[in-house]
Every structure is written in C-alpha cells, then in structure tokens.
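Report on the structure
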Amino acid sequence: MQHHSYVRFLAPILLATVVSAATAQAPGAPDKPHPWQTPPPRLTAEAYFTNLKDGDQIETPFLLKFGLSGGWGLAPIAQPGRARSGHHHLLVNRELPLNFKEALPFNEQYIHFGKGQMETVLTLAPGTYTLRMLLADQKHLPHFVYSKPATITVTKKNSVDPASLSVKGLSLGLDGPVVKAPFRVQFHASALNVAHQAQKIPDTGHFRLTATPATGTPTVIDFPEGQTEVWLAPPAGSYNLRLEMVDNLDASRRMGSPTSASVRVE
C-alpha cells in the first residue's frame, strides 16, 4: 500500500464473475455474453466516479469510488491483461496528458491503482481541487478511457482514521427499485482487488451476478474479464440480484460476503 499526502490507497478490491446457468455458459467464456446482456446506450467507454460529481462539497477523509463502462475490465499490472482492460489512475489538478504514448508519471498528482482497486480514501486539505479518472495499461500508457473533470471543494478535514472507511465487502448499484430494460447494474468491491480470471493473480477475484425471478430458474452471469458493470434486458418481472466475488485462483472460494438487491423490470 502506498501513501501520499493527497490520497491514501485502500486495500484491494475484487469483482465477481457472471455465468449463465440458463444457457449453461461456462465461466471464462467472455466471448459469449448472456442473451440478457445488451450494449450500453453510449458505445464509448468511460472511467468515472460513482459517488462524486462536479461541484460537490465534501469533508475528508472521503471514500472515493470508481466505475468503468463500455465493457472494459480491470487488469492489475502484475500480469498482462487482455484487450479492453487496464487499471485506474486518479489525476489531481492535472489535465489529460498531451501524449497518450508516454507512460504516466508516479507522483502525488497521478495516483496509480495497479492492483485492481475500485476505491481510495481522499485525505485532501480544505480547498478546491479538480479530479479526473484515467485508465492505463500494464505499462501505464493511457487508454482513451477517462472521466470528465470534477471540480470539488473540501470544506473540512476531520480526524477520522482513513483506514476505518474501507471495509471489505461488495455492493450493487441500480437506478432504482423499478426500472425499464435495458438497465445498468453497477458492481463495487471495497478492500478487494478485481482482475481478469485468466491472469491468475493471488488475492484477486471477478464478479458473478445471479438474477432470481419470482418464479422460475435463477440465471447466473460471470464477468471473468474484470468488468464492473453490466446492462441487462431480462423479461419483465421481479428479480432478486445477488452479487458475489469469485476467487481467481479457486472458483469454489468467495471473496467477501455477497450482497443482494431487489428490482422490478417493467
């Protein structure tokens, strides 16, 4: 774990895998998406903040969470990742690099999350800051996958221990309890690291989502390439969604406790 005056890195974050029991899709078969999976409305990929937006006022320490869209996945730098993958970077008071063929520097304004983390704790002093997310490959060369800048104001720095804000676990993000298809499901892993299953990196995992209808057979979808969100278009009805994180070295082992949410598709 690295420490910076701007940001305190958090422990690894893990994402679970999705398998389809309904279609008998085997884990690790990313080229065969489940029939319920649909392309996102925006075809471009984006790294983004899930709990912070432009103009926000916050107090620090603040647990900042990251998302990644467009079918891209997280791939730690310990092993080569497949196409459409990378690791997050937080830019503090910096514009996007002018040359995307140069590796990103390591300093307090370019914070690297090369283990597959999905969050960090901001420990910024009171003041105004512009933050941006940027995805890069194993060699820290930027992808054209980034967020819009978010200018925020830190109004107060509290005496809370930053480490206390990161608690190992999973969470699901939905636009509400009632949705229309297609709808987005966001995955988040706190104090866990997400990676491609094929990378076989110890202490990493991938997400698995199980959708159980009010009547009928559960559908399981695996996300072995480190994806942290999915767009779904299931038949109308009520579902219980269960998110797990599957150990990338032992498919029988789960990382962290699973989490669930209910949703009705109209």
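Quick caveat: nothing in here was measured; it's all calculated off a predicted structure.

**Quick look at the packing of aromatic side chains**
Taken as a whole, this structure holds five aromatic pairs when the rule is applied. Here the aromatic rings of W36 and Y239 are separated by 5.8 Å at their centres, their planes lie at 75°, and the arrangement is edge-to-face. Remark: Y239 occurs in strand β18 (residues 237-247) and W36 occurs in the loop between β1 (7-9) and β2 (47-49); sequence separation between them is 203 residues. For W36, a relative accessible area of 15% corresponds to the buried category. Under the relative-accessibility criterion, Y239 is labelled buried at 9%. With a centroid separation of 5.2 Å and an interplanar angle of 50°, the aromatic rings of F187 and F207 are classed as tilted. A residue pair is termed long-range when its members are at least 10 positions apart, and F187 in strand β14 (residues 183-190) and F207 in strand β15 (residues 205-213) qualify at 20 residues. Relative accessible area serves as the criterion here: at 0%, F207 is assigned to the buried category. Ring pairing ties together the aromatic residues F187, F207 and F223, which thus form one cluster.

**Points about the pattern of salt bridges**
Oppositely charged side chains can form a pair if their charged atoms are brought close together. Enumeration according to the criterion identifies nine salt bridges in this entry. Close ionic contact of D247 with R253 constitutes a salt bridge, the shortest N to O distance being 2.4 Å. Note on D247: relative accessible area 7%, which makes it buried. For R253, a relative accessible area of 40% corresponds to the partly exposed category. Between E266 and R264 there is a salt bridge, and its shortest N-O distance comes to 3.1 Å. Judged by its relative accessible area of 53%, E266 is exposed.

**A look at the nonpolar core**
In this structure, L90, L131, V185, F187, F207 and L209 are the most contacted members of the largest nonpolar core, which totals 51 residues. The next biggest cluster of nonpolar side chains, apart from the first, holds six residues, and it includes L91, F100, Y110 and A136.

**Digging into the environment of R94**
Among the secondary structure elements, R94 is positioned in the loop between β6 (85-92) and β7 (110-113). Taking the relative accessible area as the measure of exposure, R94 reaches 37% and is therefore partly exposed. Taking the C-alpha atoms as reference points, R94 and Q109, 15 residues apart in sequence, are found 6.8 Å from one another. When residues no more than four places from it in sequence are discounted, the contact partners of R94 are Q109, Y110 and T130. Of note is the side chain of R94, whose polar atom sits 3.2 Å from the side chain of Y110.

**A few points about the environment of D247**
Tracing the sequence through the fold places D247 in strand β18. Sequence spacing of D247 and P202 is 45 residues, and the spatial spacing of their C-alpha atoms is 8.3 Å. Beyond its immediate chain neighbours, meaning those up to four positions away, D247 contacts T204, G205, R253 and M255. In terms of polar contacts, D247 uses its side chain to reach the backbone amide nitrogen of L249, at 2.7 Å.

**Focus: the sheet that holds strand β17 (residues 229-232)**
Ordered by their spatial adjacency, three strands build an open sheet running β12-β14-β17, and the pairing between neighbours is antiparallel. Sheet topology places β12 (169-173) and β17 at the edges, where each strand pairs with a single neighbour. Across this sheet, the average inter-strand angle for adjacent strands is 20°, counted without regard to direction. With four bridges joining them, β14 and β17 adopt antiparallel strand pairing. When the bridges of β17 are listed, V185 appears paired with V230.

**Examining the sheet that holds strand β19 (residues 259-265)**
Strand order in this open sheet of five strands is β13-β19-β18-β15-β16, and the pairing throughout is mixed. In the strand order of this sheet, the two ends are held by β13 (178-179) and β16 (219-223), each with one partner. Across two bridges, the pairing between β13 and β19 is parallel. For V179, the partnering residue across the bridge sits in β19 and is V265.

Parameters at a glance
Residues numbered from 1 in each chain as written. Predicted model: local features only at pLDDT ≥ 70, side-chain atom pairs only at ≥ 80, totals over all residues. Heavy atoms only, no water. Phe/Tyr/Trp six-rings, centres within 6.5 Å; stacked < 30°, edge-to-face > 60°. Helix = DSSP H or I, 4+ residues; strand = E, 2+ residues; numbered from the N terminus. Buried < 20%, exposed > 50% of the residue type's maximum accessible area, 1.4 Å probe, protein only. Salt bridge = Lys/Arg side-chain N within 4 Å of Asp/Glu carboxyl O. Core = buried A, V, L, I, M, F, W, Y, C linked by side-chain atoms within 4.5 Å. Contact = heavy atoms within 4.5 Å. Polar contact = N/O pair within 3.5 Å; in protein donor to acceptor, adjacent residues only side chain to side chain. Pairing = 2+ DSSP bridges. Axes fitted to C-alpha atoms, helices over the stretch in contact; angles between N-to-C directions.

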